[in-house]
Amino acid sequence: MRKALVGCIVCLAFLVAEPWALAADEVGDLFQTPTQEVPSQGNQEKTSVLNDLINGRKLLSINFDLYAGGGGYFGYATSPDYSDLWGDLDRTFLGTMILSGTLDLRPFDYLRVHASGELNYPTEWEGTWGFGVNLQDLYLDYQSPGLLSAKMGRFSLAWGNARILAIADLPNRSISVTDLPSSTDILPSWLTGNEPSLWFRMALPLGNFTSTFLSSLPDTVDGGIYSMGYGSLNELVVGKTYLSLAGYYRYNLTPRLAASAKTAIQGVDVFVDATASFPSWDNPLFCATTGLYYQTSTGPNIKVTAELRWNGEKPGSTALIQDTVVIGGLSQAVALVWSTVGGAPVSLGGTWYHDWTDGSGAVIPSFSADLAPLISVKAFLPLSYGEDGTAYRKYYPSETKGYLAGLGIVFLLKANF
Amino acid sequence: MRRFAVIGGLLLACLLPLLAQTPGPAYLKKVDDHTNFADTDFSADYAITQVKPGEGTTFNRAVVFRRDRRSQFLVLLVEPVEDKGKGYLMIEGGIWLYDPKDGRFTFTSSQDAFRNTNARNSDFALSNLAGYYRVERAGKEKLGIFDCDRIDLVAVSPDAPFPRKTIWVSADYALRMSKEYSLSGQLLRTVAFQYQRLSGRDVPAKVILIDELKKKLVSGVEQKETTTILITKPSFDVLPSNLFSKEYLARMGK
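Residues numbered from 1 in each chain as written. Chains lettered and ligands numbered in written order. Predicted model: local features only at pLDDT ≥ 70, side-chain atom pairs only at ≥ 80, totals over all residues. Heavy atoms only, no water.

### Points about the interface of chain B and chain A
Think of interface size as the accessible area that goes away when the parts come together; that is how it is often given. Across the boundary between the two partners, chain B contributes 62 residues, which contact 68 residues of chain A. Interface area for chain B against chain A, summed over the two sides, is near 5,400 Å², with a carbon-plus-sulfur share of 55%. Of all residues in chain B, Arg-104, Phe-107 and Arg-251 of chain B give up the largest surface area on contact with chain A, accounting jointly for 14% of the area buried on that side. Between chain B and chain A we count 2 salt bridges in total. Between Asp-99 of chain B and Lys-303 of chain A there is a salt bridge, with its nearest N and O atoms 3.5 Å apart. Along the contact surface separating chain B from chain A lie 9 residue pairs in polar contact (both at pLDDT 80 or more). (Contact = heavy atoms within 4.5 Å. Buried area = accessible area lost by both parts, 1.4 Å probe. Salt bridge = Lys/Arg side-chain N within 4 Å of Asp/Glu carboxyl O. Polar contact = N/O pair within 3.5 Å; in protein donor to acceptor, adjacent residues only side chain to side chain.)

Now the structure itself:
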């Protein structure tokens with residue numbers, strides 16, 4: 001009887017103390033002290049995080065990262081002769097040190113000069129024993145006291161929504177991207193930014209509407225001042241809907257218009273990009289890409305995208321369609337990357353391209369792992385399929401590093417100072 | 001007759017304060033007004049520490065800018081270094097996530113977890129208890145030194161972050177604690193607040209968020225995933241108009 005009574009009292013005590021049961025310690029502590037005044041810090045303006053953010057930027061800041069990477073790419077650029085598989089195997093060994101640096105100069109609050117680049121030696125193990133220089137960014141960035149901002153120099157930009165089968169990225173379609181050297185970094189292209197180029201960009205955000213003017217800058221490769229391009233991107237955000245209308249023209253290339261829309265449905269970005277190109281004004285050609293993009297916000301760190309493109313531009317049909325997307329008709333791409341698999345410093349991913357018109361495609365699974373705080377290993381295994389002469393047997397996606405089938409494995413040692 | 005009028009008047013005088021304190025939409029509006037900064041901009045430094053039982057601790061630091069009168073916020077990540085420049089921007093009712101690595105904006109939901117912590121994106125946004133919930137039940141309860149109203153809320157809007165909530169509100173309309181439930185009544189999250197006073201207004205100083213579903217037995221003791229947010233350097237300075245724009249976020253992200 002006595003035990004039952006004690007039991008009842010204990011149960012009752014638990015019930016009464018229910019709000020406290022959740023955290024008798026840390027949470028309970030929050031309710032033990034009255035609200036305190038924020039200590040006076042003199043001029044309040046100097047304590048705001050915005051001022052910290054602005055004033056925290058030094059007049060000049062320079063950072064360096066030093067990498068040492070090595071590994072090898074092994075594969076077949078074309079179908080091998082099965083009687084001599086070893087002989088046909090392309091073997092590229094990499095071993096390089098890369099000094100990567102960034103420079104920020106802020107002579108005034110409204111002006112910034114930014115530069116970043118890499119110096120590597122040697123460029124390749126089996127290549128020349130020389131220095132390689134890769135200037136990534138070099139630009140002037142101006143922010144007016146009002147809303148207008150302008151940026152001029154070498155930098156990257158991206159228009160449109162699609163990340164893999166991009167068609168509405170009009171300015172980037174008009175520039176020549178040189179073949180990239182064998183890299184010690186293996187990253188799916190859809191997770192990296194576009195290659196930088198020379199641009200002048202001016203943006204005016206007006207509430208939920210932003211208008212951007214863009215022009216390419218004359219460079220020595222593509223014909224100087226006469227080959228400059230001009231474009232405009234106009235974006236409107238209404239709730240969870242993004243709409244844009246863009247146009248771009250570069251001398252001797254096809255004038256194009258692009259319309260894009262994006263919204264979110266059940267946490268998934270859903271988008272469509274469409275373009276009209278005008279090799280002649282009475283004969284517009286159309287392309288469209290629709291797709292999904294999703295990244296988890298909790299649990300496993302996963303990013304996934306799926307895109308379907310219909311390319312109605314016909315390469316070779318007119319001299320002006322020289323900057324067309326080379327794979328015509330209906331094609332798709334699906335890509336996934338899963339970082340910190342099972343909480344371990346391991347990433348798995350892959351991209352699958354498929355051309356529904358001719359049945360060709362490419363699959364590029366990839367893997368990376370941090371072996372130690374400064375040491376990582378990255379690998380990929382590209383495989384293109386299809387009949388000879390089909391789209392993905394002629395045009396390998398950049399992630400294949402030019403291999404029909406192969407294996408790339410790279411070890412990376414990184415330090416920064 | 002005159003006696004009845006006097007008694008009636010006295011009764012009314014006694015009842016009026018009681019009626020005024022009965023929680024309803026007007027009461028919730030006062031809680032919202034206490035939480036929000038409708039007549040000023042707000043900025044602060046948020047140090048966000050998440051403890052996962054048996055897995056260790058992760059740390060994020062962000063600077064937060066709010067313009068509640070226009071339902072706008074910008075959260076710019078400062079730490080960890082590899083995520084520096086990522087940001088969340090709420091404009092026009094949508095929340096954008098910017099990643100400087102690919103230079104692209106993606107939509108994110110107010111109900112999504114913030115940086116895989118126990119905080120949600122909605123925790124940085126305008127409080128709208130009066131618009132999202134109706135009072136189901138109310139009572140009195142003491143939390144530490146605070147005499148609180150304990151109010152059970154039921155969502156009336158699909159935009160409400162949780163279908164059901166119980167909140168503890170002190171006499172100054174400060175939200176002291178919130179328990180958030182699923183539609184079936186499963187307790188999902190507990191959030192507790194401590195305030196600091198700046199220029200006569202209450203600003204959160206410390207927020208503890210406990211995920212009631214993610215728990216583990218560590219050395220025989222049940223531990224729950226917990227996120228603690230320390231808010232420092234609060235300021236009501238006027239913020240530039242262009243701060244709440246994608247353009248600004250992309251520039252700051254570089």
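### Regarding the pairing of strand β5 (residues 94–99) of chain B
Residues and elements named next belong to chain B. For β5, a buried count of 6 out of 6 residues is recorded, marking the element as mostly surrounded by other parts of the structure. By the alternation rule, side chains of β5 split into Gly-94, Trp-96 and Tyr-98 and Ile-95, Leu-97 and Asp-99, which are all buried. Relative to β5, strand β4 (residues 87–91) is paired through 5 bridges, and the arrangement is antiparallel. Each bridged residue has a counterpart across the sheet, and for Gly-87 the counterpart in β5 is Tyr-98. Turn length for the β4-β5 hairpin, with the two strands adjacent in sequence and antiparallel, is 2 residues, and the turn residue Glu-92 shows positive phi of about 55 degrees. The sheet contact formed by β5 and strand β6 (residues 104–108) spans 5 bridges and is antiparallel. Within the sheet, the bridge partner assigned to Trp-96 lies in β6 and is Phe-107. (Buried < 20%, exposed > 50% of the residue type's maximum accessible area, 1.4 Å probe, protein only. Helix = DSSP H or I, 4+ residues; strand = E, 2+ residues; numbered from the N terminus. Pairing = 2+ DSSP bridges.)

### What to know about helix α2 (residues 25–35) of chain B
All names here are of chain B. For α2, the complete set of buried residues consists of Tyr-27, Leu-28, Val-31, Asp-32 and His-34. The buried residues of α2 occupy one face: seen down the axis, they fall within an arc of 160 degrees. Away from its buried face, by an angle of more than 90 degrees, α2 presents the exposed residues Pro-25 and Ala-26. (Arc of directions from axis to C-beta.)

### Here's the deal with the layout of surface pockets
Regions of empty space are outlined by a rolling probe, equal in size to a water molecule, passed over the atoms. The calculated volume of the second largest pocket comes to roughly 1,100 Å³. As for the second largest pocket, its lining consists of 46 residues, of which Ser-122, Asp-123, Ala-125, Leu-126 and Pro-161 of chain B are closest to the centre. For the lining of the second largest pocket, the secondary structure elements donating two or more residues are β11 (256–265) of chain A together with α2, β5, α3 (129–132), β10 (175–181), β11 (187–198), β12 (201–218) and β13 (221–235) of chain B. Its residues placed into classes, the lining of the second largest pocket shows 23 nonpolar, 15 polar and 8 charged. (1 Å grid on protein atoms, 1.4 Å probe; cavity = no way out; pocket = protein on both sides within 12 Å on 5 of 7 lines; lining within 4 Å. Points joined across faces, edges and corners; volume = space filled by probe spheres on them. Nonpolar A, V, L, I, M, F, W, Y, C, P; charged D, E, K, R; others polar.)

### Some words on the packing of aromatic side chains
Applying the stated rule across the entire model yields 17 aromatic pairs over all chains. Taken together, the ring pairs in this structure connect Tyr-242 of chain A together with Trp-96, Tyr-98, Phe-105 and Phe-107 of chain B into an aromatic cluster. Above the ring of Tyr-139 of chain A, the side-chain terminus of Lys-151 of chain A is found at 4.4 Å from the ring centroid. Lying across the ring of Phe-155 of chain A, Lys-151 of chain A places its NZ or CZ 4.7 Å from the centre. (Phe/Tyr/Trp six-rings, centres within 6.5 Å; stacked < 30°, edge-to-face > 60°. Lys NZ or Arg CZ within 6 Å of the ring centre and 35° of its normal.)

### Quick word on the nonpolar core
If you look at the biggest cluster of nonpolar residues, it comprises 43 residues, and the most contacted ones within it are Tyr-46, Phe-73, Val-75, Phe-114, Phe-124, Ile-167 and Ile-229 of chain B. The element that contributes the greatest number of residues to this core is β11 of chain B, accounting for 5 residues. Once you skip the residues sitting within four places of it in the chain, Val-75 of chain B turns out to touch Ala-62, Val-63, Val-64, Lys-86, Gly-87, Tyr-88, Phe-114 and Phe-124 of chain B. Judged by nonpolar contacts, the second largest core, of 23 residues, contains Leu-53 and Ala-264 of chain A together with Val-63 and Phe-105 of chain B. (Core = buried A, V, L, I, M, F, W, Y, C linked by side-chain atoms within 4.5 Å.)

### Quick word on the confidence of the model for chain A
All names here are of chain A. Overall, the predicted model of chain A reaches an average pLDDT of 81, with 82% of residues at or above 70. Here helix α2 (residues 18–21) is the element of chain A with the lowest mean pLDDT, 41, and strand β12 (residues 268–277) is the one with the highest, 94. Residue range residues 10–23 is modelled with pLDDT below 50. Its contacts to residues more than four positions away, or to other chains, number 18 contacts. (pLDDT = per-residue confidence, 0-100.)

### Comments concerning the pairing of strand β9 (residues 164–170) of chain B
The two faces of the sheet receive side chains in turn, since in a regular strand these alternate between them. Residues and elements named next belong to chain B. Most of β9 sits out of view: 6 of its 7 residues are buried. The pairing of strand β8 (residues 146–155) with β9 spans 7 bridges and is classified as antiparallel. Of the residues in β9, the one forming a bridge with Val-154 is Arg-164. In this structure, β9 lies alongside β10, joined through 6 bridges in antiparallel fashion. Within β10, the position partnered with Val-169 by the bridge is Leu-175. Remark: 4 residues form the turn of the hairpin made by β9 and β10, two consecutive strands paired antiparallel; Tyr-173 in that turn has positive phi of roughly 65 degrees.

### Let's talk about the pattern of salt bridges
Opposite charge on two side chains makes pairing possible when the charged atoms of those side chains draw close. All names here are of chain B. Considering all chains together, one arrives at 27 salt bridges over all chains under this definition. One salt bridge connects Arg-61 with Glu-79, and the closest N-O pair in it is separated by 3.1 Å. Of the two residues, Arg-61 is situated in strand β2 (residues 56–67) and Glu-79 in strand β3 (residues 72–79); the sequence distance between them amounts to 18 residues. On the basis of relative accessible area, Arg-61 is assigned to the partly exposed category, the value being 24%. As a salt-bridge pair, Asp-149 and Lys-140 come within 2.7 Å of each other at their nearest N and O atoms. Given the relative accessible area of 11%, Asp-149 is considered buried. Owing to a relative accessible area of 64%, Lys-140 belongs among the exposed residues under this scheme. Where salt bridges share partners, they join Asp-123, Lys-165, Glu-180 and Arg-189 into one cluster.

### Quick notes on empty space enclosed by the protein
Residues and elements named next belong to chain A. Counted under the stated rule, the structure contains 1 cavity of 30 Å³ or more. Considered as a void within the structure, the largest cavity measures approximately 60 Å³ in volume. Broken down by secondary-structure element, the contributors of at least two residues to the lining of the largest cavity are α6 (170–173) and β10 (241–250). Tallying contributions element by element places β10 first for the lining of the largest cavity, with 3 residues. When grouped by side-chain class, the residues that make up the lining of the largest cavity number 4 nonpolar, 2 polar and 4 charged.

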